[in-house]
Amino acid sequence: MTALANRYDFVLLFDVSKGNPNGDPDAGNLPRLDPETNHGLVSDVSLKRKIRNYVELARDGAPGCHIYVQEGAILNEQHRKAYVALRPDDEKAKKEGKLNPKNDEEAQRLRDFMCRNFFDVRTFGAVMSTGINCGQVRGPVQMTFAQSIEPIVPQEISITRMAATNEAEKKQRAEGSEEDNGRTDNRTMGRKHIVPYGLYRAHGFISAKLAERTGFGEADLDLLREALVSMFEHDRSAARGEMASRKVIAFKHASALGNAPAHALFDRVEIGRNIAGELRKIDRQIDNYPPARAFSDYVVTINRANLPEGVEVIEWL
């Protein structure tokens, strides 16, 4: 695998329409919000989950592209695979509930096995010291929380289920119905929270120096880029409405350590409202205009003037 030679910083823009991008279970599944500004939030964990799911679908367990953090997976059993591979004749490696490396050399070999076989360990890193100890890996790819460009107003929608769960519920509801309309009342009330529309922005970082330690290479970068562009296409559900990646703007550095601070490059990507064909800065002066309800209500600009030497702008999407 070709080693990664360049540092990258990237901006991910995605939107949600009539859905819940990242509900908070501690708040009745209400979409996550910054309580001081009412800007919507989507956690980095949620975004990484979608990347993992895409890689699992796209590569279907191909060598080197297994997923470490899977729904319902027992992480210690993932660690055990490394011990069994390194100690094929050791019966304890196949059964013991606690395992530790014998020395520093074996500890490194265990980490290398996990990085070599699991895409998400090689990419995002992992803490693998629970019971069956494979150490800790710091991943070269990190992402921030995504935040909506403008404040969002979540809506609570009432829903009903017309079918009964079982015969007893059907009988109870039929006997309790006071309507004389010939219809058996099997309705169960529920609710959903949705965001009518929101455009979200997240930042990502890819360290070539950390990639050297995990084996994250050019092929992994291509797969990550593919996932960032297409991950929402395979994550459909009624609860999430319509979600889509809209822009992925990368800053490629000529050197592994980088040629400019990430924050200065991110400042070059500006987002404004498209009002009557004119770019308007997002501030309190546009409060009287209709709220944004589509990506076309925004304008995304990239300041390419006087880029730092050794920095290139690449639009992955």
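Residues numbered from 1 in each chain as written. Predicted model: local features only at pLDDT ≥ 70, side-chain atom pairs only at ≥ 80, totals over all residues. Heavy atoms only, no water.

As recorded by an unreviewed UniProt entry, the protein chain carries the name CRISPR-associated protein, Csd2 family and is attributed to Chelatococcus sambhunathii.

A.B. asks: Could you give an account of the sheet that holds strand β13 (residues 278-280), with specific residues and numbers?
C.D. replies: Pairing is antiparallel in the open sheet, where three strands are placed in the order β13-β12-β14. Looking at strand neighbours, the two that pair on one side only are β13 and β14 (298-302), the edges of this open sheet. Ignoring strand direction, the axes of neighbouring strands in this sheet form an average angle of 45 degrees. Pairing analysis gives three bridges linking strand β12 (residues 269-275) to β13, with the strands arranged antiparallel. Bridge pairing links Asn274 to Leu279 in β13. (Pairing = 2+ DSSP bridges. Helix = DSSP H or I, 4+ residues; strand = E, 2+ residues; numbered from the N terminus. Axes fitted to C-alpha atoms, helices over the stretch in contact; angles between N-to-C directions.)

A.B. asks: With reference to specific residues and values, describe the packing of helix α2 (residues 75-86) against helix α4 (residues 104-117).
C.D. replies: Relative to each other, α2 and α4 sit at 120 degrees, their axes nearing to 9 Å. In this view, α2 runs oblique relative to α4, as classed from their interaxial angle. At the point where α2 passes α4, the crossing takes the right-handed sense. Judged by residue contacts, Gln78, His79, Lys81, Ala82, Tyr83, Ala85 and Leu86 of α2 engage Glu106, Arg109, Leu110, Phe113 and Met114 from α4. Taken together, the residues of the contact of α2 with α4 sort by class into seven nonpolar, two polar and three charged. (Parallel < 35°, antiparallel > 145°, perpendicular 65-115°, else oblique. Left-handed = near helix turned anticlockwise from the far one by under 90°. Contact = heavy atoms within 4.5 Å. Nonpolar A, V, L, I, M, F, W, Y, C, P; charged D, E, K, R; others polar.)

A.B. asks: Describe the nonpolar core, with residues and values.
C.D. replies: Counting residues in each nonpolar core, the largest one holds 36 residues, and the members touching the most others are Phe14, Leu47, Ile51, Ile206, Leu228 and Trp316. Breaking this core down by element, the ones donating at least two residues are β1 (8-19), α1 (44-59), α5 (119-124), β7 (141-143), β10 (188-206), α8 (218-230) and β11 (242-253). Residue contacts for Trp316: discarding those within four places in its chain leaves Tyr8, Phe10, Ile206, Leu221, Arg225, Leu228, Val229, Val248 and Ala250. Counting residues in hydrophobic clusters, the runner-up holds 19 residues, among them Tyr197, Ile249, Leu265 and Val311. (Core = buried A, V, L, I, M, F, W, Y, C linked by side-chain atoms within 4.5 Å. Buried < 20%, exposed > 50% of the residue type's maximum accessible area, 1.4 Å probe, protein only.)

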